[in-house]
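Spelled out, the chains give:
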Amino acid sequence: MKIFLDTAVLDEIRTAASWGILDGVTTNPTLAAKAGRAFQENILAISEIIGERATVSAETVSLEAEAMVREAKLVTSWAPNVIAKIPCTPEGIKAVWQCTKAGIPTNVTLVFNATQGLLAMKAGATYVSPFVGRLDDTGQNGMEVVEQLAQIKRIYGFTTEVLAASIRHPLHVIEAALAGADIATMPFSVLMQIVKHPLTDAGLERFLKDWQTISPELRPF
Ligand code: G3P
């Protein structure tokens, strides 16, 4: 499963990229507002940090297909690894299909059930983003949508990658991997949670203490 960061904060992206495990970044207007920089400049900076193997999703904000396609063309012209993020509305699906025909990569966002996701796949989206945490917030099991979309993709051979979004905690990451998500996008805080374990820290402390009991001339470092 690919790991994306759901952030527009450059320092967080730099840290994850330096670990060599970062496959991409997703942003949205809320995250862009938090970054507090010019949108294009920020997307370009992210694109450069993550390198050409990874992608960064930049969201369109118009509500009509024609304008969405215009914005999608613009953001994807900034760098080869930029993906246009388009909301799953009737106009959005129409825009995605036009983008597909024009060779513009898309990430269909704000997906809350498998039928919306199916339409995104049929329109040729590069990624489809079911929002797991926001569904959980309403008392529905968000991960079920990821599971269903992964299954639909397998049955019909769609090439769209299922991107589990709105990931809130480490269990979501494990469940997304087991549900067959191609990608999970997570906040930096969740990435830090999944790399750490208190038993790793305690074990390391003990090993370092015991190492010091070996006399210096018997140790290579
Ligand atoms: O980028 C979209 C999505 O991941 C948002 O997550 O936590 O705001 O529901 P959240």
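Residues numbered from 1 in each chain as written. Predicted model: local features only at pLDDT ≥ 70, side-chain atom pairs only at ≥ 80, totals over all residues. Heavy atoms only, no water.

(A) Representation of the side chain of Thr 7. Looking at the secondary structure, you find Thr 7 in the loop between strand S1 (2-6) and helix H1 (10-18). Looking at Thr 7, its side chain comes within polar contact range of the side chain of Glu 12, at 2.7 Å. In this structure, Thr 7 is in contact with Glu 12, Ile 13, Val 25, Thr 26, Thr 27, Leu 31 and Ile 46, ignoring residues within four places of it in sequence. (Helix = DSSP H or I, 4+ residues; strand = E, 2+ residues; numbered from the N terminus. Polar contact = N/O pair within 3.5 Å; in protein donor to acceptor, adjacent residues only side chain to side chain. Contact = heavy atoms within 4.5 Å.)

(B) Quick peek at helix H9 (residues 170-179). Those residues of H9 not exposed but buried are His 172, Val 173, Ala 176 and Ala 179. Across the axial projection of H9, the buried residues extend over an arc of 135 degrees, all falling on one side. Tucked into the core, H9 has its buried residues touching helix H7 (132-137), helix H8 (142-156), strand S7 (161-164), strand S8 (183-186) and helix H10 (188-195). Gly 180 sits one or two residues past H9 and shows a positive phi near 90 degrees. (Buried < 20%, exposed > 50% of the residue type's maximum accessible area, 1.4 Å probe, protein only. Arc of directions from axis to C-beta.)

(C) Fine view of the packing of aromatic side chains. Tallied over the full model, the rule gives 5 aromatic pairs. A ring pair is formed by Tyr 156 and Phe 158, whose centres lie 6.3 Å apart and whose planes are at 45 degrees; its orientation type is tilted. (Phe/Tyr/Trp six-rings, centres within 6.5 Å; stacked < 30°, edge-to-face > 60°.)

(D) Region of interest: the packing of helix H6 (residues 114-122) against H8. Look at H6 against H8: their axes get within 9 Å of each other, and the N-to-C directions meet at 35 degrees. In this structure, H6 crosses over H8, and the sense of that crossing is right-handed. Facing Ala 114, Gly 117, Leu 118 and Met 121 of H6, the residues of H8 in contact are Val 145, Gln 148, Leu 149, Ile 152 and Lys 153. Of the residues assigned to the contact of H6 with H8, the class counts are 6 nonpolar, 2 polar and 1 charged. (Axes fitted to C-alpha atoms, helices over the stretch in contact; angles between N-to-C directions. Left-handed = near helix turned anticlockwise from the far one by under 90°. Nonpolar A, V, L, I, M, F, W, Y, C, P; charged D, E, K, R; others polar.)

(E) How the structure looks around the site of the ligand. The ligand sits among Asp 6, Asn 28, Lys 85, Phe 131, Arg 134, Ala 165, Ser 166 and Arg 168. Within the side chain of Asn 28, one N or O atom sits 3.2 Å away from an oxygen atom of the ligand. The side chain of Arg 168 places a nitrogen or oxygen atom 3.0 Å from an oxygen atom of the ligand. When the ligand sits alone it has 310 Å² of accessible area, and the protein chains cover 84% of it. Each residue belonging to the shell around the ligand can be placed in one class, and the counts come to 2 nonpolar, 2 polar and 4 charged. (Near = heavy atom within 4 Å. Areas by Shrake-Rupley, 256 points an atom, 1.4 Å probe, with all protein chains shown as cover.)

(F) The state of the cysteines, seen in detail. Scanning the entire structure with this criterion turns up 0 disulfides. With no disulfide of its own, Cys 88 has Cys 99 as its nearest cysteine by sulfur position, at a separation of 14 Å. Cys 88 sits in the buried class, given a relative accessible area of 13%. Residue Cys 99 is classed as buried on the basis of its relative accessible area, which comes to 0%. (Disulfide = S-S within 2.5 Å.)

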